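# What the coordinates show
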Amino acid sequence: MIRFDNVSKRYGSGQDALSRVSFDVARGEMLFLTGHSGAGKSTLMKLIMLMERPTQGQVFIDDRNLNRLSRRHIPYFRRKVGVVFQNHQLLFDRTVFDNVALPLQIAGYQASEVGRRVRAALDKVGLLSKERHNPIMLSGGEQQRVGIARAVVNKPPLLLADEPTGNLDPELSADIMNLFEQFNEVGVTVMIASHDLALLKRMNKRVLGLSGGQVAHDGVLP
Ligand SMILES: Nc1ncnc2c1ncn2[C@@H]1O[C@H](COP(=O)(O)OP(=O)(O)OP(=O)(O)O)[C@@H](O)[C@H]1O
């Protein structure tokens, strides 16, 4: 599903943010990405989302070489990748429903289909009863669940999350991880960046550890 082949990324004339990174992620896998601040986690995810381009090497998603993807195909490609951010980036002047509906409206779905899919996504994250609320009325954990519903609403085969539990207490973090596991169980490939060591150990999944832009660890933590 994801393949990095000798990928390096340098911003401007600075140091390499990623240096000769190679790894494979199978379809349907769930894994974590970790490393100290500045190790390159966000850069790696941005390369997958095509928010940045590699300076060297190649990134393949679903056997597609992203270097060869033309500009006009980028919006179609992005629909394959659901993204969850730490600060969830919700619009506070719109309802929960409208926030989740946004990717579908951009993709041009009909209103009836939008309604059906948004409610299915809100149901999965346990927030169906709050579709008319403004996100500002929700707790931090609930806001993050709205962000997850928005990321999965058009059923992407790949889900990326950058520090999705960064602002949450351990109990809420566990709920959010549970949700990601449920999506993974139905076949979604899930990659989560986190530097919460206790969480990584508890989850007992493959961990890709970055250090100074290089892969320093790949496997379940001891
Ligand atoms: N747009 C940019 N322009 C210049 N340098 C950048 C840019 N984005 C990241 N960097 C640099 O690239 C390196 C890797 O940053 P990156 O954000 O990928 O790390 P990270 O592991 O996600 O860190 P954090 O956990 O703090 O978010 C850092 O040295 C950072 O300063």
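The chain appears in an unreviewed UniProt entry as Cell division ATP-binding protein FtsE from Marinimicrobium koreense. The annotation that UniProt attaches to the chain under Sequence similarities (unreviewed entry) is "Belongs to the ABC transporter superfamily." Quoted verbatim from the Function (unreviewed entry) field of the UniProt record, the comment on the chain reads "Part of the ABC transporter FtsEX involved in cellular division. Important for assembly or stability of the septal ring."

### Some remarks on the overall build of the chain
Scanning the chain from terminus to terminus reveals 7 helices and 10 strands. By the compact-globule yardstick of 17 Å for 222 residues, the chain fits well, its C-alpha radius of gyration being 17 Å. Along the longest, intermediate and shortest principal axes, the C-alpha atoms of the chain span 45 × 40 × 30 Å. Residue pairs at least 24 apart in sequence account for 68% of intrachain contacts in the chain once pairs closer than 6 positions are excluded.

### Focus on the sheet that holds strand 1 (residues 2-10)
Read from one edge to the other, the open sheet built from 4 strands follows the order 2-1-4-5, with strand pairing classed as antiparallel. Of all strands in the sheet, those with a lone pairing partner are strand 2 (16-25) and strand 5 (64-65), marking the two edges. Summarising the sheet, strand 1 and strand 2 pair through 6 bridges and their orientation is antiparallel. Looking at strand 2, one finds that Ile-2 is bridged to Val-25.

### Quick word on the site of the ligand
Around the ligand, the surrounding shell consists of Tyr-11, Gly-12, Gly-14, Ala-17, Gly-35, Ser-37, Gly-38, Ala-39, Gly-40, Lys-41, Ser-42 and Thr-43. A per-class count over the shell around the ligand returns 3 nonpolar, 8 polar and 1 charged.

### Considering the domain arrangement of the chain
Taken domain by domain, the chain holds domain 1 (1-80 + 156-222) and domain 2 (91-155). In terms of residues, the side of domain 1 that touches domain 2 owes the most to one element, helix 6 (residues 170-185), which gives 5 residues. The residue makeup of the side of domain 1 that touches domain 2, split by class, is 8 nonpolar, 1 polar and 2 charged.

Parameters at a glance
- The numbering scheme is per chain: residues are counted from 1 as the chain's sequence reads.
- Reporting in this predicted model follows two pLDDT cut-offs: at least 70 for local features of residues, and 80 or more for side-chain atom pairs to be given and counted; totals over whole chains, interfaces and linings ignore these cut-offs and use all residues.
- UniProt positions are given in the numbering used here, feature names are shortened, and annotations may be inferred rather than shown by experiment.
- We count a stretch as a helix when DSSP gives it H or I for four or more residues in a row; a strand needs E for two or more, and each element gets its number in order from the N terminus.
- Within these notes, the globule rule equals 2.2 Å times the number of residues to the 0.38 power, and the radius of gyration is based on C-alpha atoms.
- By definition, residue pairs are in contact when their C-beta atoms, positioned from the backbone, come within 7 Å.
- The criterion for strand pairing is that DSSP finds at least two bridges linking the strands in question.
- Only the C-beta atom matters for this test: placed from the backbone, it must lie within 6 Å of a molecule or strand for the residue to be near it.
- We call Asp, Glu, Lys and Arg charged. Ala, Val, Leu, Ile, Met, Phe, Trp, Tyr, Cys and Pro are nonpolar, and the rest, Gly among them, are polar.
- Note that domain bounds follow an automatic or database assignment of domains.

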